[in-house]
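Fold and geometry: a report
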Amino acid sequence: MDRREFLKLCSVAGLGVVGSQAALSGSAQAAPFEGVVNLFLHLGGGWDSTLFADPKGDTVNAEGWFINDPMTAFSTDQIQMAGNISYPAIDANPAFFTEWYQWMTVIRGINYSTNGHDAGTRHMWSGALADGRPSFGALFASAVGREMPMAYISNGGYDVTNGVPVSKTRFSTDGIFQLIYPNRRDPNSENSELYYPDAVLKRINVMRQARLDRMREVQNLPSLKRSMGLLYTSRLGMEELKKIDEYLQLIEAQDPSGNGLGNGLARQGKTALAAAKAGLSCCANLTFGGWDTHGNNDQSVRNNLQGLVTNINEFLVTARDLLQMTNVPLITRSGLA
């Protein structure tokens, strides 16, 4: 397979360091999105991806030393299998791989042509070392969900949209409630004091919309007219954002893990799934930090992987059980950093 065909595969399949896809079975909106939602997970740093999957292993002598490669983190007898996928004996791994290996593909041996963090990140998520290339997430969101209010959600990582007609929505998982309930002084509380009484806010919105309509009617420049159109459609979509909260409440109330929305990565993933289920998004960047180690690398990465697989498992269970999404493949991409 040549490079161009491989990049096509990446953009269609949602390929990432750890990425996932979930085909939606339904949605809350009138014309539900029933396509594929891609979640791209960025784990920044120069860590060895074979600590997660496809470990090399080596034999150990009687004194406990690796015989051929002292840099190998695992001996051959510590390597386990789930289907045809090998993984190292880290505490959280057996349950995780046993549960999800049928939906996983591990691609190894990809040369990123650099050991620099920024250049490696660009190459990883855009397929090129050069600056300014759009990310796979931007390409996917543009092709599949360009008209969605929040087609491309980003929690960080490489999310460049340069040259692609789609905007990214940047928000923290807590900040989403400020978008959903902008009139509440405390957006997380149903009983919060309001900035404006409901009747006043309705009048403000009517006048604001009337002003925008007048401006659109007299504007002839295509670029400005298009920008005004985007502003118009974004305001129409504000009420749709409340559907995210409906699914977040469902997740929080019924999550079998007992963690509700959880924190960090699990919370990012569950919020992205709620937005997709509501038909507002088809793609999201997720981030999980702590990988830029400069000492004690193997043990630090192993510790971080415990939290990683636990968090991924949480939102994959949410996708499968709570939101009734089906066919949840997990694609991992390992390369030579």
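Look above for the structure.
Once that is clear, we can look at the environment of Tyr152. Secondary-structure assignment places Tyr152 in strand S6 (residues 152–154). Remark: the alpha-carbon pair of Tyr152 and Leu139, spanning 13 residues in sequence, is separated by 9.6 Å. In this structure, Tyr152 is in contact with Ser135, Gly137, Ala138, Ala141, Tyr158, Asp159, Thr161, Ser167, Lys168, Thr169, Cys283 and Asn285, ignoring residues within four places of it in sequence. A distance of 3.3 Å separates polar atoms of two side chains, one belonging to Tyr152 and the other to Asn285.

It is worth spelling out the packing of aromatic side chains at this point. Enumeration according to the criterion identifies 7 aromatic pairs in this entry. Ring geometry for Phe96 versus Phe97: centroids 5.5 Å apart, planes at 90°, classification edge-to-face. Of the residues examined, Phe97 reaches a relative accessible area of 0% and is grouped as buried. Ring pairs connect the aromatic residues Phe52, Tyr87, Phe96 and Phe97, which therefore count as one cluster. One cation-aromatic arrangement involves Arg184 over Tyr181; the distance from NZ or CZ to the ring centre is 3.6 Å.

For the rest of this paragraph, the subject is the environment of Leu305. Counting through the fold element by element, Leu305 comes out in helix H10 (residues 297–322). Overall, the relative accessible area of 1% leaves Leu305 in the buried class. Linking Leu305 and Ala92, residues 213 residues apart in sequence, is a C-alpha distance of 8.1 Å. Not counting chain neighbours up to four residues away, the residues in contact with Leu305 comprise Trp47, Leu51, Phe52, Ile90 and Trp291.

What counts as what
Residues numbered from 1 in each chain as written. Predicted model: local features only at pLDDT ≥ 70, side-chain atom pairs only at ≥ 80, totals over all residues. Heavy atoms only, no water. Helix = DSSP H or I, 4+ residues; strand = E, 2+ residues; numbered from the N terminus. Contact = heavy atoms within 4.5 Å. Polar contact = N/O pair within 3.5 Å; in protein donor to acceptor, adjacent residues only side chain to side chain. Phe/Tyr/Trp six-rings, centres within 6.5 Å; stacked < 30°, edge-to-face > 60°. Buried < 20%, exposed > 50% of the residue type's maximum accessible area, 1.4 Å probe, protein only. Lys NZ or Arg CZ within 6 Å of the ring centre and 35° of its normal.

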